[in-house]
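Secondary and tertiary structure notes
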Amino acid sequence: MSEQDPRRRPRDPAEDRETARGHDPAPERLARTATRYEGPHRARGDGGPQDDGREDDGRDGREDDGRDGREGDGPRDEHDAPRGGRVERATRRIGWRKLTFLPLVLALALLGTWLYYDTATLDVIARNSLGGGNIWLRVRQHIQLTVISTFFVLVIAIPLGILLTRQRLRKAAPVAVAFANIGQATPALGLLALLVIWLGTGEFPALVGIIIYAILPVLSNTIAGLRANDPTLLEAARGIGMSPLMVLGRVELPLAVPLILSGVRTALVLNVGTATLATFGGGGGLGDIITAGITNQRMSVLVIGSILTIVLALLVDWLASLAELLLRPRGLEVGS
């Protein structure tokens, strides 16, 4: 029986198990052995196995910062970036002109309106239409109509658009879009009159009319955004084992976000304008001030109501444009 070679290391049972599972531990063992035996030479720097007269730090003479030998001053991807860096990049996308120009113009318009109201000679009828907190009450009613109607537009249009792009319901998409087209093609005042006859006066028929009128841009943009996705990307997502729900949430919807946000922005502005017609159904809003100025022939009341409506519409459009920039996936930006 031959004597065992002292230089041979006994096999580890764990290595046998790794080999049985199809994993060869030999490369890892060789790497550990090389690391263990090159340590003294590296420490002395006396021309060991990898010493050719210069100090070798295992990086082949180039700077390596943990990013595959590439020099750089930041993390490799956005997930490695600190939270502050992401916020800084998001604000950099907007720019100071976008943040300041329109708000400054709107502030000047409101200041001019207030000076006009403060210096104008108003009779009793005009003061009754504008005084006693009536302006602030109508502004709050208008904002409430806009927010509630937009919320229900999103709740209805986006899930409906998703369903109409699925395989089983694709044939129903033209019918749904045609009905939405009918809702917007109908004159808003006529639609509101029909709803008042059917549902009575108040805020509810006004909200129903605004929702019907604004559902088309969100629905059509959702369908268009989901249909514009590259089929090869969807097939690749399914190929790596994603379920249909994961493909929708992680691939389809993020790619369709720009078009969906564009439709939401259009619907918001439409809702602000259509909400002025809620006054004819008893729904309140800034339309009450405009109607009072027209019926009573008071130009000051009409001017103030009109300017406030325009300022509110521009402010909503500005806020929607900021949300469109901030919520857009970074991977879809040009040059990102």
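Residues numbered from 1 in each chain as written. Predicted model: local features only at pLDDT ≥ 70, side-chain atom pairs only at ≥ 80, totals over all residues. Heavy atoms only, no water.

Here we look at a nonpolar patch on the surface
Taken together, the side chains of L104, L108, L111, W114 and L115 define a hydrophobic patch exposed on the protein surface, amounting to about 530 Å² of accessible area. Relative to the helices and strands, L111 is located in helix α4 (residues 96-119). Of the residues examined, L111 reaches a relative accessible area of 46% and is grouped as partly exposed. (Patch = residues over 30% accessible without salt bridge, like charges linked within 9 Å, V, L, I, M, F, W, Y side chains within 5 Å. Areas by Shrake-Rupley, 256 points an atom, 1.4 Å probe, with all protein chains shown as cover. Salt bridge = Lys/Arg side-chain N within 4 Å of Asp/Glu carboxyl O. Helix = DSSP H or I, 4+ residues; strand = E, 2+ residues; numbered from the N terminus. Buried < 20%, exposed > 50% of the residue type's maximum accessible area, 1.4 Å probe, protein only.)

Observations regarding the confidence of the model for the protein
Of all residues in the protein, 70% have pLDDT values of 70 or greater, and the mean over the chain is 78. When the elements of the protein are averaged for pLDDT, helix α2 (residues 26-44) gives the smallest value, 47, and helix α6 (residues 134-164) the largest, 94. Long-range and interchain partners of residues 33-85, a stretch whose pLDDT sits below 50, account for 31 contacts in this model, where long-range means more than four residues apart. (pLDDT = per-residue confidence, 0-100. Contact = heavy atoms within 4.5 Å.)

Quick word on the side chain of T150
Its location among the elements puts T150 in helix α6. Setting aside chain neighbours within four positions, we find T150 in contact with L268 and N271.

Describing the packing of aromatic side chains
Scanning the entire structure with this criterion turns up one aromatic pair. Where F151 meets F152, the ring centres are 5.3 Å apart and the plane angle is 75°; that geometry is what we call edge-to-face. The class of F151 is partly exposed, set by a relative accessible area of 49%. (Phe/Tyr/Trp six-rings, centres within 6.5 Å; stacked < 30°, edge-to-face > 60°.)

Focus on the nonpolar core
If you look at the biggest cluster of nonpolar residues, it comprises 20 residues, and the most contacted ones within it are V153, A157, L164, A180, V218 and L219. Looking at this core, the element that brings in the most residues is helix α9 (residues 203-227), giving eight residues. If we skip the residues at most four places from it in the chain, L219 touches A157, L160, G161, L164, A176 and A180. If you look at the next biggest cluster of nonpolar residues, it comprises 16 residues, including L130, V139, V301 and A320. (Core = buried A, V, L, I, M, F, W, Y, C linked by side-chain atoms within 4.5 Å.)

With respect to helix α12 (residues 287-295)
Along α12, the residues that are buried comprise G287, I289, I290, A292 and G293. Where the residues of α12 are buried, they touch α5 (124-130), α6 and α13 (299-327). In the segment just after α12, Q297 is the residue with positive phi, at about 55°.

A closer look at the packing of α12 against α13
Helix packing for two helices is described by the angle between their axes and how far apart those axes are. The geometry of α12 relative to α13 is characterised by a closest axis approach of 7 Å and an angle of 155° between their N-to-C directions. In terms of orientation, α12 and α13 fall into the roughly antiparallel class. Once α12 is placed against α13, the crossing between them reads as left-handed. For the pair formed by α12 and α13, the contact residues are I289, I290, A292, G293 and I294 on the first element and V301, L302, G305, S306 and T309 on the second. For the contact of α12 with α13, the residue count by class is six nonpolar, four polar and no charged. (Axes fitted to C-alpha atoms, helices over the stretch in contact; angles between N-to-C directions. Parallel < 35°, antiparallel > 145°, perpendicular 65-115°, else oblique. Left-handed = near helix turned anticlockwise from the far one by under 90°. Nonpolar A, V, L, I, M, F, W, Y, C, P; charged D, E, K, R; others polar.)

Overview of the pattern of salt bridges
Taken as a whole and assessed by the stated rule, the structure comprises seven salt bridges. Among the ionic pairs, D123 bridges to R298, the shortest N-O distance being 2.7 Å. Here the residue D123 occupies a position in the loop between α4 and α5, and R298 occupies one in the loop between α12 and α13, the gap between them amounting to 175 residues. Under the relative-accessibility criterion, R298 is labelled partly exposed at 22%. The partner of E324 in a salt bridge is R328, with the nearest N and O atoms 4.0 Å apart. Accessibility expressed as a relative area gives 13% for E324, which makes it buried.

Details of the packing of α6 against helix α11 (residues 244-274)
At their nearest, the axes of α6 and α11 sit 10 Å apart, and the two run at 145° to each other. Both α6 and α11 take part in a crossing whose hand is right-handed. In contact with H142, T146, S149, T150, L154, I158 and I162 of α6, α11 contributes L248, L253, I260, V264, L268, N271 and V272. Counted by class, the contact of α6 with α11 contains nine nonpolar, five polar and no charged residues.

Structural notes on helix α8 (residues 188-199)
Owing to its 3.6 residues per turn, the α-helix brings residues three or four apart onto one side. Counted at 1.5 Å a residue, the expected span for α8 with its twelve residues is 16 Å, and the 16 Å between its end C-alpha atoms agrees. Where α8 ends, the next residue or the one after it, G200, has phi of about 90°, a positive value. (Expected span 1.5 Å × (residues − 1).)

Re unusual backbone geometry
Of note, Q297 is a non-glycine position whose phi angle comes to about 55°, a positive value. In this fold, Q297 is placed in the loop between α12 and α13.

So, the side chain of T274
Tracing the sequence through the fold places T274 in helix α11. For T274, a relative accessible area of 11% gives the class buried. Residues within four places of T274 in sequence aside, it is in contact with A188, I210 and Y213.

A closer look at the environment of V177
Here V177 lies in helix α7 (residues 173-185). The class of V177 is partly exposed, set by a relative accessible area of 22%. For the pair V177 and L216, spaced 39 residues apart in sequence, the C-alpha separation works out to 7.2 Å. Excluding residues that lie within four positions of it along the chain, V177 makes contacts with L216 and I223.

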